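The chain contents come next:
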Amino acid sequence: MTHRQSKRLGWVGGIGLLLAAAVAWAELPHSAVASSAPDEGDPRVEGALLVDATQVKPGDTFRVGVRFRLDPGWHIYWKNPGDSGLETEVAWDTPGATVGPLRWPFPNTFRTPDGFITTHGYDNEAILVADVKAAEGAATGMLTLSAAVEALVCEVHCIPAEMMLTRSIPLGPQTLRDAETAARFDAEVAKVPRPAADSGHAVALTLDAPQLTAGQEFTGALTLTGAGGAAVPAVEGDFFVAERIPGVARVGLTADGPGRFKLKGKVEPGVQASAPDLTGVLRLGTAATGYQFLEVTAPLAPVVAAAGTAAGTPAAVKPPSVKDSIAAVKPVGAVAPPAAAESSVGLGLALVFAFFGGALLNLMPCVFPVLALKAYGFTRMVQQEKGRVGAHAGAYAAGIIGTMLLLAGGVLAVRAGGASVGWGFQFQEPLFVAGVCAVLVAFALNLFGVFNVGMDGTALAGKVDQSHGLLHSAGEGVLAVVLATPCSAPLLGTAVGFAFAAGPVTVLAVFTALGLGLALPFCLLVLVPGLAKKLPKPGAWMERFKQVLGFALLATTVWLVWVMGGLAGVDGMARLLAFLVAVGLVTWLYGQGQAQEGSRKLATMAVAAGVLVASGLLTLRFDAQDAAAPRLGATVAQAQPWDDAAVEAALAAGQPVFIDFTADWCLTCKFNERTVLSTDEVRDAFTQHHVAFFIADWTRRDARITAKLAEHGRAGVPMYLVLSPGAPDTPAVLPELLTPGLVADAVKRAAECAPSKLGGGANVLCAAGFPSH
Amino acid sequence: MKQVVTALALGTLFVGAPALADAEVGKPAPSFTLKDESGKEHSLAQYKGRVVILEWTNPECPFVQRHYKADTMVNTLKGFDAKKVVWLAVDSTSHNTPEKSAAWKKEEGFPYPVLQDASGTVGKSYGAKTTPHMYVIDEQGVVRYAGAIDDDPRGKSAKPSNHVKAAVDAVTGGQPVPAATTTPYGCSVKYKG
């Protein structure tokens, strides 16, 4: 279409009502039919107002529909038109009747040939149906329905259409249906998506990150299950169309198996404080099997401002230099979650939380067996030597608090090293897990009577070796703490989060309060006179109870074996179980030895020790790489192990270099790898700029990596370096908390500094991290 | 297998690259150099230090015609300090020619150049989807506003709220832009394809 012709159409030209087409619709009154969107005099759309009743009784409900008939290739738009276009609008004027909302059939998806612009709407013929309720009143006269229709009609170019459609229906003593129109409406309404819950479908949405970030992409999964868990049919074509979601720039689904969909979208930049829902329509089934249309609504997640860009402030939108962004993001990365806790929880409250949390820990499944064991011990002790109860309770409490402080010291030490540790970090160490398992199994076998601790066969009468008994109590305290840490995270989140963020004194105070809480039940036994006497009297039941407790300990071991599975895979689990069998054998040998005398006894003990050492050496070789290596490969593309020589080679070849200093036990590292380094945006940026991607894995101590970290003033991971071939001596150090945009920008800048691309004097710019365009 | 994956990855990159590079609020605007209807070159870099308004346009689009009939663009531009603000129209319509743009400019009598982007490269690098689709870029070259010219897609409002005016006033006044991203409305950009 030429410029001159289009001019003739004009904006206002579309408003003209051309009634000539009404001849073709003899059954419809003239006023109910119109055509519009004149394309050089040829209207591209015809609208008609249809009603599924020929007479209406006041108070009854009937249906009205606006039918659009479009020339081939032309379309109108759905309520969310997509990238361009305009929602089709119908304004009603119906005195004596109320019209409900338009019911939009599932829309078609239209794309430009290059796929750049996607829109949603209807072509050929579509009817937008609405319910109408005639007001109560006298059953005489006429009901007049008017619809002012506005639509944008597009093929390649677009023509606005405006149509006024009017018709009258007589009121009468009863409603007379028009079967033909009703059937036509039914067919159209069958294509209108219904809320998923109405048909018993359950929608579950999970996001890969706990929150949405303004301006960032997000991914997740949507699962749909039919009524009673029934399978959901497969989908085809453009099966999902999202409604317009405030704050969300775009969102789409791709099929990932029956009823399973991958979710991918992007948050609009600058969005603040909103928690958008995913809303859209879904078409299940295929053309061959028939379709089912569902309306899907599921909450996404709260939107937070992008790290380092407080949305809306003028400072946020300056072109960020690497230096600036480090300055802005570093504090956030280091203390972001705890800082939030700090503002809302005072030290006193944190201590109270910690104390009661500690007391509650006694009831957690991972600690309860130890607690029960201790109760059993007390029952026995109270009857034997009342004076010792206080000392044992003290030893137990000391064991707990001592371990807690040790843990606190560990946290402080690791934190001082610049790394962030998670609660229960010691469980990231397979050897530690194996050790705790061995202790638990040995404990259980002890309870089963396979061997005795601290007592010779002759001491069975009940003479408790004092110092050893106290150590035993303290040891139980240690075990209680060790087992408690993984259980406590959900319970103690606030207090522990507070402690992790705060200064050393606070950390120690919170952990002491935790320990006191954990020791509370036994302190009570001592502090409240007479309470200890209320414990049941010992007897034969105690032996049985003791053995039952042994099974509880074994059950706890099962959980730890599972933890090991996460750390070192199936192989690791098998090795651990083999080791535990050896531990069982050793304890049994030890038990045998206890009953023997002299050299025989020594020989048995030697064999036991030999078996323990040999089995330990054979089995306790957990290669965290077994479990971690394939994961790493899957999440981070094209990675190669870090090596100074390889880095230099890549730089010499003109490639920008990205080095990821990471460790399996570093949660921040894993978070960055999952949510940033493995995103398409970053992968694409790496591919586009031919970035050589190196991983320096600090899961185990590595002097080379430690030295490299120290070179940049770091004592721990994560650390991210971007080296430009143009300025290899001044690498950019990225903040600990990455965003895909930040990484993409950094490598882009590095690529732009390549010697091949920069002129004289640009080195200075590169070094400062500025783009050189 | 590896080659297949690589090929797929490269393919994805090829198809996906233009869409990835959208001009986004808060990020540096994609740079460009385009000739206007008289053959004069304009680059984004040359306007550094001034606020740049980009208007994706197409004289054949009824939405654009409505705004030119109402002089929306010229009236908006008049409200700004000409030393600080630059208005550039960009036409990414595949069948547009400099002659058509020149004739249109003469007929409508607006002062700013119409940049010729018939290949659609710059339009796609900005993610321009509609005509009109407006971008406001600040003195440092950062996108501060992307979206519609106003809040009145249907041209029915007596007092439409002009988003571009609000954005430019905020940027020149050192204030945050109140609505930095809005949904653009109008015809689709008629890209080559």
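Residues numbered from 1 in each chain as written. Chains lettered and ligands numbered in written order. Predicted model: local features only at pLDDT ≥ 70, side-chain atom pairs only at ≥ 80, totals over all residues.

S.K.: Could you give me a rundown of the overall build of chain B, with the residues and numbers involved?
M.R.: The secondary structure content of chain B amounts to 6 helices and 9 strands. A total of 193 residues make up chain B; the buried ones form 49% of that total. (Helix = DSSP H or I, 4+ residues; strand = E, 2+ residues; numbered from the N terminus. Buried ≥ 20, exposed ≤ 12 C-beta atoms within 10 Å, placed from the backbone.)

S.K.: Before we move on, can you summarise the overall build of chain A with the specific residues and values?
M.R.: Within chain A, the secondary structure is distributed over 18 helices and 28 strands. Evaluated residue by residue, chain A yields a buried proportion of 41% over its 773 residues. Taking contacts inside chain A between residues at least 6 apart in sequence as the whole, the part at least 24 apart equals 76%. (Contact = placed C-beta atoms within 7 Å.)

S.K.: Break down helix α2 (residues 62–69) of chain B for me, with residues and values.
M.R.: Considered for burial, the residues of α2(B) that qualify are P62(B), F63(B), V64(B), H67(B) and Y68(B). Looking at the buried side of α2(B), the elements it contacts are β12 (158–170) of chain A together with α3 (72–78), α4 (98–108), β6 (130–131) and β9 (187–188) of chain B. Positioned one or two residues after α2(B), D71(B) has a phi angle of 60°, which is positive.

S.K.: Give a description of the sheet that holds strand β20 (residues 260–267) of chain A that names residues and reports values.
M.R.: Residue and element names in this part refer to chain A. Reading across from one edge, β15-β17-β20-β19 is the order of the 4 strands in this open sheet, with antiparallel pairing throughout. The open sheet terminates on both sides in strands that have one partner only, identified here as β15 (202–207) and β19 (248–255). Going from strand to strand, the sheet's axes swing by 25° on average, the running direction of each strand aside. The pairing of β15 with strand β17 (residues 217–225) spans 6 bridges and is classified as antiparallel. Bridging across to β17, L207 finds its partner in G220. (Pairing = 2+ DSSP bridges. Axes fitted to C-alpha atoms, helices over the stretch in contact; angles between N-to-C directions.)

S.K.: I'd like to hear about the packing of helix α15 (residues 680–688) of chain A against helix α17 (residues 740–752) of chain A, residue by residue, with values.
M.R.: All names here are of chain A. With their axes 9 Å apart at the nearest point, α15 and α17 run at an angle of 5° to one another. By the angle between their axes, α15 is roughly parallel relative to α17. Listed contacts from α17 to E681, V682, A685 and F686 of α15 are P740, V743, A744, V747 and K748. (Parallel < 35°, antiparallel > 145°, perpendicular 65-115°, else oblique.)

S.K.: Please provide a residue-by-residue account of the nonpolar core, values included.
M.R.: Note that soluble globular proteins tend to have their nonpolar side chains buried in a common cluster. By size, the foremost hydrophobic cluster in this structure holds 94 residues, and its most contacted members are V153(A), I53(B) and V136(B). Per-element tally for this core: the top contributor is strand β11 (residues 142–154) of chain A, with 8 residues. Excluding residues that lie within four positions of it along the chain, I53(B) makes contacts with V85(B), V86(B), W87(B), L88(B), M134(B), V136(B), V164(B) and V168(B). In this structure, I659(A), A685(A), F686(A) and I705(A) belong to the second largest nonpolar core, which totals 38 residues. (Core = buried A, V, L, I, M, F, W, Y, C linked by C-beta atoms within 7 Å.)

S.K.: Quick one: what's the story with the confidence of the model for chain B, residue by residue and with numbers?
M.R.: Residues and elements named next belong to chain B. Residues at a pLDDT of 70 or more form 89% of chain B, whose mean pLDDT is 86. Scored below 50 in pLDDT, residues 1–20 shows 11 contacts in the model against residues more than four places distant or in partner chains. Scored as a whole, the predicted complex attains pTM 0.48, and scored at its interfaces, ipTM 0.71. (pLDDT = per-residue confidence, 0-100.)

S.K.: Tell me about the sheet that holds strand β4 (residues 85–91) of chain B, and name the residues and values.
M.R.: Residue and element names in this part refer to chain B. Reading across the sheet, the 5 strands line up as β5-β4-β3-β7-β8 and stay open at both edges, with mixed pairing between neighbours. Lying at the two open borders of the sheet, with one neighbouring strand each, are β5 (114–116) and β8 (143–147). The average angle at which neighbouring strand axes cross in this sheet is 20°, direction not considered. Of the pairings in the sheet, the one linking strand β3 (residues 51–56) to strand β7 (residues 133–137) comprises 5 bridges and is antiparallel in character. Paired with W56 across the two strands is H133, which belongs to β7. Relative to the sheet, helix α6 (residues 163–172) contacts β3, β4, β7 and β8, its axis offset from that of β8 by approximately 175°.

S.K.: Provide a residue-level description of the pairing of β20(A), including the pertinent values.
M.R.: Residues and elements named next belong to chain A. Here β20 shows a buried face lined by F261, L263, G265 and V267 and an unburied face lined by R260, K262, K264 and K266. Pairing between β17 and β20: 7 bridges, direction antiparallel. Opposite G220, over in β20, you have L263 as the bridge partner. Note: β19 against β20, 7 bridges, orientation antiparallel. Along β20, the bridge assignment pairs T254 with K262.

S.K.: So what about unusual backbone geometry? Which residues, and what values?
M.R.: The peptide bond linking T131(B) to P132(B) adopts the cis configuration, its omega dihedral lying at -5°. Structurally, P132(B) can be placed in the loop between β6 and β7. Even without being glycine, N124(A) reaches a positive phi, approximately 55°. For N124(A), a count of 13 C-beta atoms within 10 Å corresponds to the partly exposed category. Positioned with a positive phi, H690(A) is a non-glycine residue whose angle comes to about 55°.

S.K.: Account for the pairing of strand β25 (residues 657–662) of chain A, naming residues and giving values.
M.R.: All names here are of chain A. Counting buried positions along β25 gives 6 out of 6 residues, so the element sits mostly inside the fold. Residues V657, I659 and F661 line one face of β25 and the alternating positions F658, D660 and T662 line the opposite face, and both faces are buried. As paired elements, β25 and strand β26 (residues 692–697) share 6 bridges and run parallel to each other. Looking across to β26, one finds that T662 is bridged to D697.

S.K.: Give a detailed account of the environment of Y126(B), specifying residues and quantitative values.
M.R.: Residues and elements named next belong to chain B. Relative to the helices and strands, Y126 resides in helix α5 (residues 121–126). The spatial distance from the C-alpha of Y126 to the C-alpha of A23 is 4.5 Å, given a sequence separation of 103 residues. Beyond its immediate sequence surroundings of up to four residues, Y126 is in contact with D22, A23, P30 and Y135.

S.K.: Account for the environment of P178(B), naming residues and giving values.
M.R.: Residues and elements named next belong to chain B. For P178, the location among the structural elements is in the loop between α6 and β9. Distance from P178 to H163, taken between C-alpha atoms, is 8.9 Å for residues 15 residues apart in sequence. Each residue touching P178, except ones within four places of it in the same chain, is listed here: A166 and A170.

S.K.: Please give an account of the environment of W87(B) that cites residues and values.
M.R.: Residue and element names in this part refer to chain B. By the secondary structure assignment, W87 is in strand β4. In this structure the C-alpha to C-alpha distance between W87 and V52, which are 35 residues apart in sequence, comes to 6.0 Å. Excluding anything up to four places from it in sequence, W87 contacts I53, E55, L77 and Y112.

S.K.: Pulling in residues and values, what's your account of the confidence of the model for chain A?
M.R.: Residue and element names in this part refer to chain A. Averaged over every residue, the pLDDT of chain A is 73; the share at 70 or more is 69%. The model gives residues 454–467 a pLDDT under 50, and that stretch makes 11 contacts with residues more than four places away or in other chains. Here residues 758–773 is modelled with pLDDT under 50, and outside its nearest four sequence neighbours on either side it reaches 30 contacts, counting other chains as well.

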